[in-house]
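Topology and contacts: notes
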Amino acid sequence: MTDQTYYANGFDESISQTHSWRTAENCAEYMLKYVKHNYKILDVGSGPGTITKSFAKYIPDGYIIGIEPTAELIEEASKDPNLPYNVRFEKASVFNLPYSDNSFDIVHAHQVIVHLSDPLKALNEMTRVLKPGGLLCIKDAEMDSTTVFPKKFEPQLLYFMNLMRSKFTSSVGASRQKSLILQTSLLDIVRHTASSWCISEDKERLLFANMFIKRLEASKVNYISFTREKITQAWIDWSQDESAVFFILNGEIIAKKI
Ligand SMILES: C[S@@+](CC[C@H](N)C(=O)[O-])C[C@H]1O[C@@H](n2cnc3c(N)ncnc32)[C@H](O)[C@@H]1O
């Protein structure tokens, strides 16, 4: 089993940059009402750490730890001069968490379980460090639900999105979540919801397209069906078309440790 399947070919900042628009408000709204001021939270696979840091204000008397197996990400997330006092980042893998049993009130993972080589092992380890009564909160995209409008851009953009996936990334990350939780023995589902990313406003489309063009430029993948130039042009034209939109469905599960 491989610990780091997402950056399997080594850390790539052009990829982690595409996650840095994310915050607790735009990615974890489904579970914010369960957060109490003194909670201890573990954010598994915290990436650039923007979600982790934005949790800080909800837990002024608690703390949050973001973990990542990749040292560069820990460095990048920790070097923020405005790092909140109750946030820290530590190098660790979800498959072997360096924390005692029953340590956290919430264990959170955003777009992590979908990319792992052994998602069930990860959920069991996340449950181990949860306090009894504590909440596991996971959110994952359903890659197969990706929809692009106008349809003329869809072949190029979906071809690119599919090529970027690691071989471990599930195409059914959202719809399989419930089945994974049911295979664990210590978790009861509290709430199961779905939401979608809808990249629609002019500035969102521009930001999204620019992030992915940078990622395309840095990628070492072989482009066969469409050239890099054709894909780049499709991103530019899509971002400049005011009728354009990009949707991805996400599954969100909150489960309580028995
Ligand atoms: C799609 S990114 C999501 C990052 C962040 N949660 C966000 O949404 O911005 C997936 C993250 O999972 C991390 N990851 C991969 N394998 C991991 C492991 N074994 N333990 C913890 N995190 C892991 C990757 O390094 C990557 O940062």
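Residues numbered from 1 in each chain as written. Predicted model: local features only at pLDDT ≥ 70, side-chain atom pairs only at ≥ 80, totals over all residues. Heavy atoms only, no water.

As recorded by an unreviewed UniProt entry, the protein chain carries the name Methyltransferase domain-containing protein and is attributed to Wickerhamomyces mucosus.

1. A short note on the UniProt feature "domain: Methyltransferase" (unreviewed entry) in the protein chain
Formally: UniProt positions are given in the numbering used here, feature names are shortened, and annotations may be inferred rather than shown by experiment. Note on conventions: DSSP H or I runs of at least 4 residues are helices, E runs of at least 2 residues are strands, and numbering of each starts at the N terminus.
The UniProt feature table records "domain: Methyltransferase" (unreviewed entry) at residues 37-145. The annotated region residues 37-145 carries 22% helix and 32% strand content, and the separation between its end C-alpha atoms amounts to 36 Å.

2. Some thoughts on the packing of aromatic side chains
The condition that has to hold: Pairing of aromatic side chains here covers Phe, Tyr and the six-membered ring of Trp, requires ring centres within 6.5 Å, and sorts the geometry by plane angle: under 30 degrees stacked, over 60 edge-to-face, intermediate tilted. The classification of residues rests on relative accessible area computed with a 1.4 Å probe and restricted to protein chains. Under 20% of the type maximum is buried, over 50% is exposed, and intermediate values are partly exposed. We call a charge positioned over a ring when the NZ of a Lys or the CZ of an Arg lies within 6 Å of the ring centre and within 35 degrees of the ring normal.
Within this structure, the stated rule accounts for 15 aromatic pairs. Look at Phe208 and Trp238: their rings are 6.5 Å apart centre to centre, the planes differ by 50 degrees, and that puts the pair in the tilted class. Here Trp238 lies in helix α10 (residues 228-240) and Phe208 lies in helix α9 (residues 202-218), a separation of 30 residues in the sequence. Comparing Phe208 with Trp238 shows no difference in burial state: the two are buried. Ring centres of Trp235 and Phe246 lie 6.2 Å apart, and the angle between their planes is 25 degrees; this geometry places the pair in the stacked category. With Trp235 in helix α10 and Phe246 in strand β8 (residues 245-257), this residue pair connects regions lying 11 residues apart in the sequence. Judged by its relative accessible area of 0%, Trp235 falls in the buried class. Taken together, the ring pairs in this structure connect Phe160, Phe208, Phe212, Trp235, Trp238 and Phe246 into an aromatic cluster. The ring of Tyr63 carries the charged tip of Arg88 above its face, separated from the ring centre by 5.5 Å.

3. As for the nonpolar core
To keep it simple, the criterion reads: Grouping buried Ala, Val, Leu, Ile, Met, Phe, Trp, Tyr and Cys residues that are joined through side-chain atoms within 4.5 Å yields what is termed a nonpolar core.
Counting 48 residues, the largest nonpolar core has Met31, Trp235, Trp238 and Phe246 as the members making the most contacts within it. Ala92, Val107, Leu136 and Leu180 belong to the second largest nonpolar core, which has 27 residues in total.

4. Examining the pairing of β8
Applied cut-off: Two strands qualify as a pair provided DSSP detects at least 2 bridges between them.
The buried fraction of β8 amounts to 10 of the 13 residues, a majority that puts the element mostly inside the structure. Taken together, the seven bridges between strand β5 (residues 130-141) and β8 define a ladder with antiparallel strand orientation. What sits directly across from Leu135, in β8, is Lys256. Examined bridge by bridge, strand β6 (residues 147-149) and β8 share three bridges and lie antiparallel to one another. From the neighbouring strand, Thr147 faces β8, where its bridge partner is Phe247. Sheet topology places strand β7 (residues 187-199) next to β8; 12 bridges connect them, and they run antiparallel. Its bridge partner being in β8, Ile189 is matched across the sheet by Ala255.

5. Topic: the side chain of Glu142
Going by this rule: Polar contacts, as used here, are pairs of N or O atoms within 3.5 Å; protein pairs need one atom able to donate a hydrogen and one able to accept it. Residues neighboring in sequence count only if both atoms are side-chain atoms.
Counting through the fold element by element, Glu142 comes out in the loop between β5 and β6. Only 2.8 Å separates the side chain of Glu142 from the side chain of Ser175, close enough to count as a polar contact.

6. Quick word on the packing of α9 against α10
For clarity, the cut-off: Note on geometry: axes are lines fitted to C-alpha atoms, helical ones only across the stretch in contact, with angles between N-to-C directions running from 0 to 180 degrees. Roughly parallel means an angle under 35 degrees; roughly antiparallel, over 145; roughly perpendicular, 65 to 115; everything else is oblique. Whether two residues touch is decided by their heavy atoms; if any such pair falls within 4.5 Å, the residues are in contact. Each residue gets one label: Ala, Val, Leu, Ile, Met, Phe, Trp, Tyr, Cys and Pro are nonpolar, Asp, Glu, Lys and Arg are charged, and the others, such as Gly, are polar.
Closest axis-to-axis distance for the α9/α10 pair is 8 Å, and the angle between their directions is 170 degrees. In this view, α9 runs roughly antiparallel relative to α10, as classed from their interaxial angle. Counting all contacts with α9, which are made through Arg205, Leu206, Phe208, Ala209, Phe212, Ile213, Leu216 and Glu217, the residues of α10 involved are Arg228, Ile231, Thr232, Trp235, Ile236, Trp238, Ser239 and Gln240. Taken together, the residues that form the contact of α9 with α10 break down as 10 nonpolar, three polar and three charged.

7. As for the pattern of salt bridges
Filter applied, for reference: Within this document, salt bridges are pairs made up of a side-chain nitrogen of Lys or Arg and a carboxyl oxygen of Asp or Glu, the two lying within 4 Å of each other.
The tally for this structure, following the rule as stated, stands at 11 salt bridges. Close ionic contact of Lys139 with Glu252 constitutes a salt bridge, the shortest N to O distance being 3.4 Å. On the criterion of sequence distance, the pair formed by Lys139 in strand β5 and Glu252 in strand β8 is long-range, its members being 113 residues apart. Judged by its relative accessible area of 5%, Glu252 is buried. For Glu154, the salt bridge identified is with Lys151, shortest N-O distance 3.0 Å. Taken together, the shared-partner salt bridges connect Asp101, Glu125 and Arg128 into one network.

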